[in-house]
Amino acid sequence: MPPTTPHAGKFNSCPPYSNNNHPQPQSPYRSHTAPKPSRENVYNGAYSVAENPYDVPQPHAAYRSCSVSSVNANEHHYSSSCAISGNPYSLPQPQSPRQHSTSCPGRAYRHTSNCSSSSSDQSCRNSGSSTKARLCGHSITASYGEMCYHDNSLVSASLEALIQHLVPTVDYYPDRSYVFTFLLSSRLFLHPYELMTRVCHLCVEQQRSGDALLDKIRFREVAPKLVQLLTEWTETFPYDFRDERMMRCLKDMTLQVARGDEYSWRAMQQMTQRLIKRLSALGQYEEAVAALNAVAQERPASLKSKQTSAQRSDILSVCDDPFILAQQLTHIELDRLSFIGPEEFIQSFAMKDPLENHKGFFRKRKTSNLEAYVNWFNRLSFLVATEICMPVKKKHRARIIEFFIDVAQECFNIGNFNSLMAIITGMNMSPVARLKKTWNKVNTDKFEILEHQMDPSSNFSNYRTALRGATQRSETAHSSQEKIVIPFFSLLIKDIYFLNEGCANRLPNGHINFEKLWELAKQVSEFLVWRQVICPFDRDRRILQYLVTTPVFTEDELHLASYESEGPENNMEKDSRRSLRSSLLHRENRS
């Protein structure tokens, strides 16, 4: 497994989301209109899972809201005193992850090969093949051949030395944190296929002595460690093996191992079977997402008649309990997170492969699952805006806004920050924000507090505090629900991107900056821990299918629906409505 990192700070226990002073026998959002039959259940085939081992009845619709502090609804600035009462993620304010010292924070969980060093006046930058070291205060900087260490932590090396360091021998196996870090970030410098070819070649060549019998004995001794390395590769980065060249190399090594050690050959066979199963599941997932997206591309009812549009099912007719909807959103988030490969974060800015036209290699985009997850965030934001702009009556629109505010608060309490931010984004879209008459009927106190938690100022410092608290809760969890941490994904990608852009890949002496690779691995390994959580909530197929397949408005359609709900207030909005009507009518006639 990749390394996990400790998180500072204490976690205050999360009070239940309750409102015992004002019990409500039924949901205030319950629609008295009978729901319409749902479309063909495309969702059932998309996310089929085994029976949920955490299948426990969930409480129904009573508000689970904790008390909130009073906030002026007409102002959108926040003070340090504005916070959700009983915030389950309250922690001391952390510094931004970008504000780190020159020493690598990830060293606490890293272990490298032990080495002795002697005092010397020479720097590792000018190191040759001999061992050199120098004392800097109480720290030691040492070089071993083309590898430079600081306080016994690898900080830089040549690419050749790093590849050699990955190769197992009879009496050596690389540390697992090093294996994960280098396999993750090596694609910044060479293709995974090239790395695998060189590692396997070196592993075999190092056992050659000129005596065929001795070579066979020596390879038999090293084979289990080679199998272990390939197993870690296939289990942590299985998507690398969608390249048929990687599969051919794996097959060649299986044949090589079969000649020397039957036990290792069987292990290779089992490893290959698990890999094929994983890749098959990935293919099915991608086909299912494509099918869901195709259904979702259907356009909503014609905007020429708001009465006709209002006849479609809305979210309240499908689910009127904020807690249940937040649970179903969490299912979708964890389902889609589980298919994102850790290498996709690095490949989003990795070097362009000169062999990218090789048959079968780029059949699928290298970041397709990451992109699909970002698209889900955008879809949820537009779904929220569509649900609010669709109703004809102002009272109904206000009720839907209040419902989504409570859903957002439930997402916050669960630790589902991605859905929380998507809902806030949808409610802040200009077609929704301009509905002043509707917003006047809404108590916005809770919404403004949630906005404060996700406030982008100071590099999202409030959100980062909450995320650290949720991570701390996950590490000391007493229930499966407490393990859930779903980060605001776009910000995670941004952090990794700026870490890559802000630090050079190579040092002036040509060495690879391995401290940067440790930092990249630290952030990605944290994501892998969050990705592995199994959602403990019961699935509601009808709600899930609605969330992923119901059509949503485009940005132009949202603006026109907003004008239909509350008319233009000035000449600019009147001109905009006129232009949108003409444009959308032209598109309908063409289609």
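The structure presented is a predicted model; accordingly, all values stated were derived computationally and were not measured. (Residues numbered from 1 in each chain as written. Predicted model: local features only at pLDDT ≥ 70, side-chain atom pairs only at ≥ 80, totals over all residues. Heavy atoms only, no water.)

Chemist: How should I be thinking about the pairing of strand E3 (residues 147-150) in this particular structure?
Modeler: A regular strand places its side chains on the two faces of the sheet in alternate fashion. Inspection of the sheet shows E3 paired to strand E4 (residues 153-157) by four bridges, in the antiparallel sense. Residue pairing in the sheet places Cys 148 in a bridge with Ser 156 of E4. The antiparallel hairpin formed by E3 and E4 contains two residues in its connecting segment, where Asp 151 sits at a positive phi of about 50°. (Pairing = 2+ DSSP bridges. Helix = DSSP H or I, 4+ residues; strand = E, 2+ residues; numbered from the N terminus.)

Chemist: Before we go on, may I ask you to explain helix H18 (residues 457-475) in this structure?
Modeler: One full turn of an α-helix is made of 3.6 residues, so residues set three or four places apart face in the same direction. For H18, spanning 19 residues, the distance from its first C-alpha to its last is 28 Å, which sits close to the expected 27 Å at 1.5 Å a residue. At Arg 464, H18 shows its largest kink, close to 35°. (Expected span 1.5 Å × (residues − 1). Bend = angle between axes of the 7 residues up to and from the residue.)

Chemist: Mind showing me how you'd approach a nonpolar patch on the surface here?
Modeler: A cluster of nonpolar side chains, namely Leu 213, Leu 214 and Ile 217, defines an oily patch on the protein surface of about 270 Å² accessible area. For Leu 213, a relative accessible area of 59% translates into the label exposed. (Patch = residues over 30% accessible without salt bridge, like charges linked within 9 Å, V, L, I, M, F, W, Y side chains within 5 Å. Areas by Shrake-Rupley, 256 points an atom, 1.4 Å probe, with all protein chains shown as cover. Salt bridge = Lys/Arg side-chain N within 4 Å of Asp/Glu carboxyl O. Buried < 20%, exposed > 50% of the residue type's maximum accessible area, 1.4 Å probe, protein only.)

Chemist: Would you mind going over the confidence of the model for the protein with me for this structure?
Modeler: Parts of the model with low pLDDT should not have their predicted coordinates read in detail. Per-residue confidence for the protein gives a mean pLDDT of 77, with 70% of residues at or over 70. The low-confidence segment residues 302-307, where pLDDT is below 50, has 18 contacts with residues more than four positions distant or belonging to other chains. Per-residue pLDDT stays below 50 along residues 352-364; that stretch engages in 20 contacts with residues further than four places along the chain or on separate chains. (pLDDT = per-residue confidence, 0-100. Contact = heavy atoms within 4.5 Å.)

Chemist: Would you take a moment to explain helix H3 (residues 176-185) for this structure?
Modeler: For H3, the tally of buried residues reaches nine of ten residues, placing the bulk of the element in the interior. All of the buried residues along H3 are Ser 177, Tyr 178, Val 179, Phe 180, Thr 181, Phe 182, Leu 183, Leu 184 and Ser 185. Its buried side turned inward, H3 meets E4, helix H2 (159-166), helix H4 (192-205), helix H5 (212-236), helix H11 (343-347) and helix H20 (514-531).

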